Amino acid sequence: MLQPLSRWFRRSGTDSAGAETIDRASLPRHIAIIMDGNGRWANRRGLPRVAGHRAGMTQVREVIRACDELGIRYLTLYAFSTENWKRPRPEVEYLMRLPEEFFRTEIDELVARRVQVRFIGDVDRLPDHTRRVVDETLRRTAGGDGMVVCFALNYGGRADILEAVRGLMREAAEGRLSPDAVTEAVFDGYLSTAGIPDPDLVIRTSGERRLSNFLLWQSAYAELWFTDVLWPDFGREGLLEALRDYQRRQRRFGGLK
Ligand code: FPP
């Protein structure tokens, strides 16, 4: 049922040679994406902003497929930030309906691909109908032993760090943890991303060049890649371009070459 990568690229009418220029031996283990520019994409077409979010949702599917077929192990997608509640109410309500629509249509394919879906962020504060689809998706994909796709929903990097600090302090207050035992690895275990390696590559679309409170602790040594392409136009080709650039970089993690 699932197509090998070369067939997928040919079938999609995209540049099949493009995929072959990617070195499978030096892929990022974890890619994290700030999916930006949906509103501008819609405005440029005289459409309401929500049409941009809908188009953005279809790109989520394309990018998951491409990552899976390339062999990327972890993909994290910034779908809704703690700051996005400031948007007009109808837009927030639309964004809160998107996970239902997305997982209703995609869940079977995700399960077939053996994808494990995770969520980071304060999902307890999502509307009940969104929360229900989060729980259902977790349940359906819990046994996935393939790629991990992590949706950041009501996520903020500072809130993530604060929550980890609270967890550590509770342990310390109960006498189960001494300050000297708090290493980076221990701290990692209190973050929402516990068990997920740090991102190697953080992509942001639409020309903005900032992290916007995304994976602040986890991105300490990530390679950053920015493109002017708006998220609904990004797709597989955008991903391949980012990967080619990533593979030309030399990662030193603060050491010498
Ligand atoms: C930023 O673009 C995008 C968002 C706040 C929402 C991102 C959501 C999706 C791509 C769909 C999510 C899909 C699932 C499955 C949950 P923007 O609206 O800020 O764009 P602008 O800067 O051009 O206004």
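Residues numbered from 1 in each chain as written. Predicted model: local features only at pLDDT ≥ 70, side-chain atom pairs only at ≥ 80, totals over all residues. Heavy atoms only, no water.

Chemist: How would you summarise the environment of phenylalanine 234 if you had to cite specific residues and measurements?
Modeler: Mapped onto the elements, phenylalanine 234 comes out in the loop between β6 (223-226) and α9 (235-248). Placed 172 residues apart in sequence, phenylalanine 234 and glutamate 62 show a C-alpha to C-alpha distance of 9.4 Å. In contact with phenylalanine 234, not counting residues within four places along its chain, are Gln59, Val63, Ile203, Thr205, Trp225, Thr227, Val229 and Leu239. (Helix = DSSP H or I, 4+ residues; strand = E, 2+ residues; numbered from the N terminus. Contact = heavy atoms within 4.5 Å.)

Chemist: Give me the lowdown on the site of the ligand, citing residues and values where you can.
Modeler: Close contacts around the ligand come from 17 residues, with Gly39, Arg40, Arg49, His53 and Arg87 the closest. One of the backbone nitrogen or oxygen atoms of glycine 37 is found 3.3 Å away from an oxygen atom of the ligand. In the environment of the ligand, an oxygen atom lies 3.1 Å from a nitrogen or oxygen atom belonging to the backbone of glycine 39. Relative to its free-state accessible area of 630 Å², the ligand is covered by the protein chains to the extent of 91%. Among the secondary structure elements, those contributing two or more residues to the shell around the ligand are α3 (38-44), α4 (49-70) and α5 (89-112). Considered class by class, the residues forming the shell around the ligand number seven nonpolar, six polar and four charged. (Near = heavy atom within 4 Å. Polar contact = N/O pair within 3.5 Å; in protein donor to acceptor, adjacent residues only side chain to side chain. Areas by Shrake-Rupley, 256 points an atom, 1.4 Å probe, with all protein chains shown as cover. Nonpolar A, V, L, I, M, F, W, Y, C, P; charged D, E, K, R; others polar.)

Chemist: Account for the pairing of strand β2 (residues 74-81), naming residues and giving values.
Modeler: Here β2 lies mainly inside the structure; seven of its eight residues are buried. One ladder, built from five bridges, connects strand β1 (residues 30-34) with β2; its direction is parallel. Considered in β2, the bridge of isoleucine 34 is made with tyrosine 78. Pairing of β2 with strand β4 (residues 148-155) involves seven bridges; the strand directions are parallel. Residue pairing for β4: tyrosine 74 is matched across the bridge by valine 148. (Buried < 20%, exposed > 50% of the residue type's maximum accessible area, 1.4 Å probe, protein only. Pairing = 2+ DSSP bridges.)

Chemist: Just give me the short version of the side chain of histidine 129, but keep the residues and values in it.
Modeler: With respect to the helices and strands, histidine 129 occurs in helix α6 (residues 128-141). A polar contact is formed between the side chain of histidine 129 and the side chain of arginine 97, at a distance of 3.3 Å. With residues up to four places along the chain from it excluded, the contact list for histidine 129 reads Met96, Arg97 and Glu100.

Chemist: Lay out the sheet that holds β4 with the relevant residues and their values.
Modeler: Pairing is parallel across the open sheet formed by six strands, whose spatial order is β3-β4-β2-β1-β5-β6. Pairing within the sheet leaves two strands with one partner each, and these edge strands are β3 (116-120) and β6. Averaged over all pairs of adjacent strands, the angle between strand axes in this sheet comes to 20 degrees, irrespective of strand direction. Sheet analysis places strand β5 (residues 201-204) next to β6, joined by four bridges and oriented parallel. Paired with valine 202 across the bridge in β6 is leucine 224. Against the sheet, α4 touches β1, β2 and β4, its axis set at about 165 degrees to β2. (Axes fitted to C-alpha atoms, helices over the stretch in contact; angles between N-to-C directions.)

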